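Chain by chain, the residues run as shown.
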Amino acid sequence: MDHHHHHLPPPPPRSPMENSASSKPPTPASTPSSRLAAAPSSRVSSAAPHPSPSSSASTPASRTVYSDRFIPSRAGSNLALFDLAPSPSHHDAAAAAASPGAPPPSGSTPASSPYCALLRAALFGPTTPDRVASSASACSSSSSAGASPVGSPATGNIFRFKAEVPRNAKRALFSDGDDEGVLFPGVFTTRGTGPRKIPRSPYKVLDAPALQDDFYLNLVDWSSHNILAVGLGNCVYLWNACSSKVTKLCDLGVDDNVCSVGWAQRGTHLAVGTNQGKVQVWDATRCKRIRTMESHRMRVGALAWNSSLLSSGSRDKSILHHDIRAQDDYISRLAGHKSEVCGLKWSYDNRQLASGGNDNRLYVWNQHSAHPVLKYTEHTAAVKAIAWSPHLHGLLASGGGTADRCIRFWNTTTNMHLNCVDTGSQVCNLVWSKNVNELVSTHGYSQNQIIVWRYPTMSKLATLTGHTYRVLYLAISPDGQTIVTGAGDETLRFWNVFPSPKSQSSDSLSSIGATSFVRSYIR
């Protein structure tokens, strides 16, 4: 079990969320067609059957003799269809050799013809002006009768003229994703010469007076409309991340306290779990309470939405499913945990619900089960930290408390335990990045750190420090780039840790943090 300690009386009232200080070579394509169709008799007739004297006497001199080798003939090709000049004949080649200074015959193919231009582009790629002469000479040599073998000094090595590729682009192209390159089907991007830089300091700090230092509560959540909900004492405050405007949503009175907050997927309805076992649903746009459900006997410290279905976990060991469209307070009760339910998360496809409890158990339920379909008992401390992967169906991560300190990974499709990583500290929260295959964990006893991990290698990308109490609360922004952490030191800290979903580059992130640092109050 993870016990929270008694904390000092709260400081004087402060205004929340306000600012404060601090192969082989290719055959030359231009070989005359007459040479390909009628090869020298010394080579062809040696492989062909010898004709009889009578037949050879009657054979016209122009008759083509074929061997058992297939040699393609372009004699019937209509080069005019391709807007290319015809290949030079033997007579043209002999004339050019006899009169080197004379202009080329009309049927010749100079190096600057469209054919050679296409050939150069196909073999060598884009060429710079200082390479045109070398490429042209290579093309001319390959089209002459006495061409040297490709790759000889007379023609030049074609591999010398390949298109240049930036070194970092090559690295990204062949990267497996563990270093600076990130691969997508048909697309690759680069991130410079080293690992992504993650700012080691928060770019914003909000003072949050009366933010409770209680491991089992969930008092911070970030909506799809970019509104941060925070439970402070007996009140819930909304902070607009776009305008920094603070709104007081509700006050439960002196007899009750906020134990959990949870936004619906659409981002307009907020569920509030209270110390008296109530579950309230609020319309945040109108700051109006829609309904109150009072079916739990003890405090409600965990909430999770699945469309119009709201699941709540309580210290009374039960999980209730509430359909906010139905008149009944709840439509089903899930029994299985032997102690307080402190972690609750629906999978991204809304088919599985993961729950963690102070009984050190991690359970997985389906939409209609009254009992867990999967039970994991490997953790040796309370399981509050739960996160489903948005990248791989059925991949679940969970973290244990002070006596456990481990992050474990499960495949709920095959019911397999995949991996276990000892973090060295109590695991308070987990959240998976939607933009890259990475996750963040926040920790308590005894290092109070925030760690960014790369999955599946589980190598540490960054360790962020600054909180002086256990980092009990964690939420991620709707664009998936920023996380907010909360602690018993009564601060909320905003960190830029993930790249944007489009560029997946951190160049813009590396400069954020130190230059835009502000500190605000919530109340």
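Before any of the text, the structure's been laid out above.
The present account deals with the structure reproduced in this document.

What counts and how
- Residues numbered from 1 in each chain as written.
- Predicted model: local features only at pLDDT ≥ 70, side-chain atom pairs only at ≥ 80, totals over all residues.
- Heavy atoms only, no water.
- Pairing = 2+ DSSP bridges.
- Helix = DSSP H or I, 4+ residues; strand = E, 2+ residues; numbered from the N terminus.
- Axes fitted to C-alpha atoms, helices over the stretch in contact; angles between N-to-C directions.
- Phe/Tyr/Trp six-rings, centres within 6.5 Å; stacked < 30°, edge-to-face > 60°.
- Buried < 20%, exposed > 50% of the residue type's maximum accessible area, 1.4 Å probe, protein only.
- Contact = heavy atoms within 4.5 Å.

Strand order in the open sheet formed by four strands is E16-E17-E18-E19, and the pairing between neighbours is antiparallel. Where the open sheet ends on each side, the last strands, each with one partner, are strand E16 (341–346) and strand E19 (374–376). Here the strands of the sheet are splayed against their neighbours by 15 degrees on average, with no regard to which way each runs. The pairing of strand E17 (residues 352–357) with strand E18 (residues 362–366) spans five bridges and is classified as antiparallel. Across the sheet, leucine 353 pairs through a bridge with tryptophan 365, a residue of E18.

Attention shifts here to the packing of aromatic side chains. The geometry of an aromatic ring pair is captured by the separation of the ring centres together with the interplanar angle, meaning the angle of the planes. Within the structure shown, the criterion is met by nine aromatic pairs. Where phenylalanine 215 meets tyrosine 216, the ring centres are 5.3 Å apart and the plane angle is 90 degrees; that geometry is what we call edge-to-face. In terms of burial, phenylalanine 215 and tyrosine 216 fall into one category: buried. Centre to centre, the rings of tyrosine 376 and tryptophan 410 are 4.1 Å apart; their planes meet at 20 degrees, and the pair counts as stacked. One end of the pair, tyrosine 376, is in strand E19; the other, tryptophan 410, is in strand E22 (residues 406–411), with 34 residues separating them in the sequence. Tryptophan 410 carries the same exposure label as tyrosine 376, and that label is buried.

Our focus in this paragraph is the environment of alanine 370. Along the chain, the position of alanine 370 falls in the loop between E18 and E19. When the C-alpha atoms of alanine 370 and isoleucine 319 are compared, they prove to be 9.8 Å apart, with 51 residues separating the residues in sequence. Not counting residues up to four positions away in its chain, the partners in contact with alanine 370 are Arg333, Leu334, Ala335 and Trp365.

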